[in-house]
Amino acid sequence: MNLLLWGTQVDESLFPVLDLIQEIGFEGVEVPVFNPDPDAWHGWRKRLDEMGLHREADTFCGADTNLISPDASVRAHALETLKRSVDCAVVLGAKNLMGPFNAALSVFTGQPATSEEWKWGVEGIQNLSEYAQNQGVGLGMEYLNRFETYLTSCGDDLIRFVDEVNHPACRIMFDTFHANIEEKNIGDCIRTMGDRISFIQLSENDRSTPGKGNVAWPGVFQAIQDIQYDGWLSIEAFSPKLPAANIWRKMFDSEEQLMRDGLAFIKANTLCPTL
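Below: a short report on this structure.

Parameters and conventions
Residues numbered from 1 in each chain as written. Predicted model: local features only at pLDDT ≥ 70, side-chain atom pairs only at ≥ 80, totals over all residues. Heavy atoms only, no water. Helix = DSSP H or I, 4+ residues; strand = E, 2+ residues; numbered from the N terminus. Expected span 1.5 Å × (residues − 1). Pairing = 2+ DSSP bridges. Axes fitted to C-alpha atoms, helices over the stretch in contact; angles between N-to-C directions. Contact = heavy atoms within 4.5 Å. Parallel < 35°, antiparallel > 145°, perpendicular 65-115°, else oblique. Left-handed = near helix turned anticlockwise from the far one by under 90°. Nonpolar A, V, L, I, M, F, W, Y, C, P; charged D, E, K, R; others polar.

**Some words on helix α3 (residues 72-92)**
Thinking step 1. Across its 21 residues, α3 extends 30 Å between first and last C-alpha, which sits within 8% of the 30 Å expected from 1.5 Å per residue.
Thinking step 2. Remark: Gly-93 follows α3 within two positions and exhibits a positive phi of approximately 85°.

Shown next, in the form of structure tokens:
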């Protein structure tokens, strides 16, 4: 379960939420890392270890940590910040740091990505991949839809990007929300990505309860089976508690009901053992 459902305040006040997540039947959590200070995450590591919950780490970049900024000092700062985020993942005990961090969120030039921007992004992630591998962490690159980023905004873009990075620590984290906007066929996109995929977020078209919207779920679950994916599936849902998602109305009764209904829906539609 992705903890962004409860907003961006990721601190020990969320520990009771972890109890509920585990009681409902989830076996792991995605932890948003917005504080790149590794010392801030020791308490989380202790709590997650005590509970026996698997965990992965997520992050994204803003204008001052943009790997494709024309300002070399911004690019350097972005890389160092992402390296510290990898360090946070190590403290958490996460196997992966995931997200759309090859470029800044919601920063646009009004033009498609240039060849120079593409080169900066690839070089930055190559550098980060080498650092992450040395720390025992993998990277899960995510593409976002056209309204949130422009460097990689569809499956074909991200496949080309990851293939050019060409590093064993750099793979793909796939999110059905963005695919529902950008792909002609979500299942075909998953099949094309194939074993590049290391993690899958299941997210409804309106970021509410999976199975309650218009994502073409039969095709998604069939493709997951077709590529023989045996990794984790995670629910990523948002509420007005996450202003960056531009959600201004609540589209579910409660976080608890969303989790119970979403988990039941996924279990009814997949044979994958880990959720």
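Structure's up, so let's keep going.
**Details of the sheet that holds strand β1 (residues 28-32)**
Thinking step 1. Taken in spatial order, the 7 strands of this open sheet run β1-β2-β3-β4-β5-β6-β7, and their pairing is parallel. Only two strands of the sheet have a single partner each, and these edge strands are β1 and β7 (233-235). Within this sheet the neighbouring strands show an average axis-to-axis angle of 30°, counted without direction.
Thinking step 2. In the sheet, strand β3 (residues 96-99) pairs with strand β4 (residues 138-141) via 4 bridges, with the strands oriented parallel. Bridge assignment links Leu-97 to a residue of β4, and that residue is Leu-139.
Thinking step 3. Helix-sheet contacts for helix α4 (residues 115-134) involve β4 and β5 (170-175), and the interaxial angle to β4 is about 145°.

**Here we look at the side chain of Thr-65**
Thinking step 1. By the element assignment, Thr-65 lies in the loop between β2 (54-58) and α3.
Thinking step 2. Those residues in contact with Thr-65 that sit more than four places away from it in its chain are Val-74, His-77, Ala-78 and Thr-81.

**Re the packing of helix α1 (residues 15-24) against helix α2 (residues 42-51)**
Thinking step 1. Two numbers describe how α1 lies on α2: the axes approach to 11 Å, and their chain directions differ by 25°. Relative to α2, the element α1 lies roughly parallel. As α1 packs across α2, the resulting crossing turns out to be right-handed. Contact residues: Phe-15, Leu-18, Asp-19 and Gln-22 in α1; Gly-43, Trp-44, Arg-47, Leu-48 and Met-51 in α2.
Thinking step 2. When the residues that make up the contact of α1 with α2 are grouped by side-chain class, the tally is 5 nonpolar, 2 polar and 2 charged.

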